[in-house]
Amino acid sequence: VQLVESGGGLVQPGGSLRLSCAASGFTFSTYGMSWYRQAPGKERELVASISSTGGSTNYADSVKGRFTISRDNAKNTVYLQMNSLRPEDTALYYCRATIDVRPYWGQGTQVTVSS
């Protein structure tokens, strides 16, 4: 299993970024996927999750209305569109797959929101 995140960077408050997570090594279309984040000195937290078909999504209260999770099963990729970014969104963002109760993580992509 391999998960590779990309799309992070430095953005001003109010800006947007789209994160991507390219998956390989498993049947992507049969598993739900999630995005997590971890800020310095804080625990890793769930940001958003999506079902295998994309028909069901869930979001942390802190990102509802600003972030959108989506997936393209033909490309084995899950996305996180982040709008109206705030300084408190600054964190290392991770993609996660849970396969047969075992979690798999990518290496993370850094998002920094600062003026």
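Positions within a chain are numbered from 1, following the residues in the order the chain's sequence is written. For a predicted model such as this one, the threshold for reporting local features is a pLDDT of at least 70, and the threshold for listing and counting side-chain atom pairs is 80 or more; totals across whole chains, interfaces and linings nevertheless cover every residue. Values reported for side chains reflect all heavy atoms of the structure, with hydrogen atoms and water molecules removed beforehand.

**Comments concerning the sheet that holds strand β7 (residues 67-72)**
Backbone-to-backbone hydrogen bonds join strands into a sheet, with any given pair of strands oriented parallel or antiparallel. Pairing within the open sheet is antiparallel, and its four strands lie in the order β1-β3-β8-β7. Only two strands of the sheet have a single neighbouring strand rather than two, namely β1 (2-6) and β7. Put simply, the sheet's adjacent strands are angled 15 degrees from each other on average, direction ignored. Here six bridges tie β7 to strand β8 (residues 77-82), and the two strands are oriented antiparallel to one another. Among the inter-strand pairings, Ser70 is bridged to a residue of β8, identified as Tyr79. DSSP calls a pair of strands paired once it identifies at least 2 bridges connecting them. Secondary structure elements are defined from DSSP: runs of H or I of at least 4 residues count as helices, runs of E of at least 2 residues count as strands, and each element is numbered from the N terminus. Note on method: axes are straight lines fitted to C-alpha atoms, helices fitted across the in-contact stretch only, with angles between N-to-C directions ranging 0 to 180 degrees.

**Remarks on the pattern of salt bridges**
Salt bridge, as applied in this entry: a Lys or Arg side-chain nitrogen positioned within 4 Å of an Asp or Glu carboxyl oxygen. Counted by the stated rule, this structure contains four salt bridges. A salt bridge links Arg37 to Glu45, with the shortest nitrogen-to-oxygen separation between them at 2.6 Å. A salt bridge links Lys64 to Asp61, with the shortest nitrogen-to-oxygen separation between them at 3.2 Å. Summary of the burial criterion: residues with accessible area below 20% of their type's maximum are buried, those above 50% are exposed, and those between are partly exposed, where the area comes from a 1.4 Å probe applied to protein chains only. For Asp61, a relative accessible area of 65% corresponds to the exposed category. Connected via shared salt-bridge partners are Arg37, Glu45, Arg66 and Asp89.

**Re the nonpolar core**
By nonpolar core is meant a set of buried Ala, Val, Leu, Ile, Met, Phe, Trp, Tyr and Cys residues that side-chain atoms within 4.5 Å join together. If you look at the biggest cluster of nonpolar residues, it comprises 29 residues, and the most contacted ones within it are Met33, Trp35, Val78, Leu80, Met82 and Tyr93. Secondary structure elements with two or more residues in this core: β3 (17-24), β4 (33-38), β5 (45-50), β7, β8, β9 (91-99) and β11 (109-113). For this core, the element with the highest residue contribution is β9, accounting for five residues. Whether two residues touch is decided by their heavy atoms; if any such pair falls within 4.5 Å, the residues are in contact. Contacts of Tyr93, omitting those with residues within four sequence positions, involve Glu5, Leu19, Trp35, Tyr36, Arg37, Val47, Phe67, Leu80, Met82, Gly108, Thr109 and Val111.

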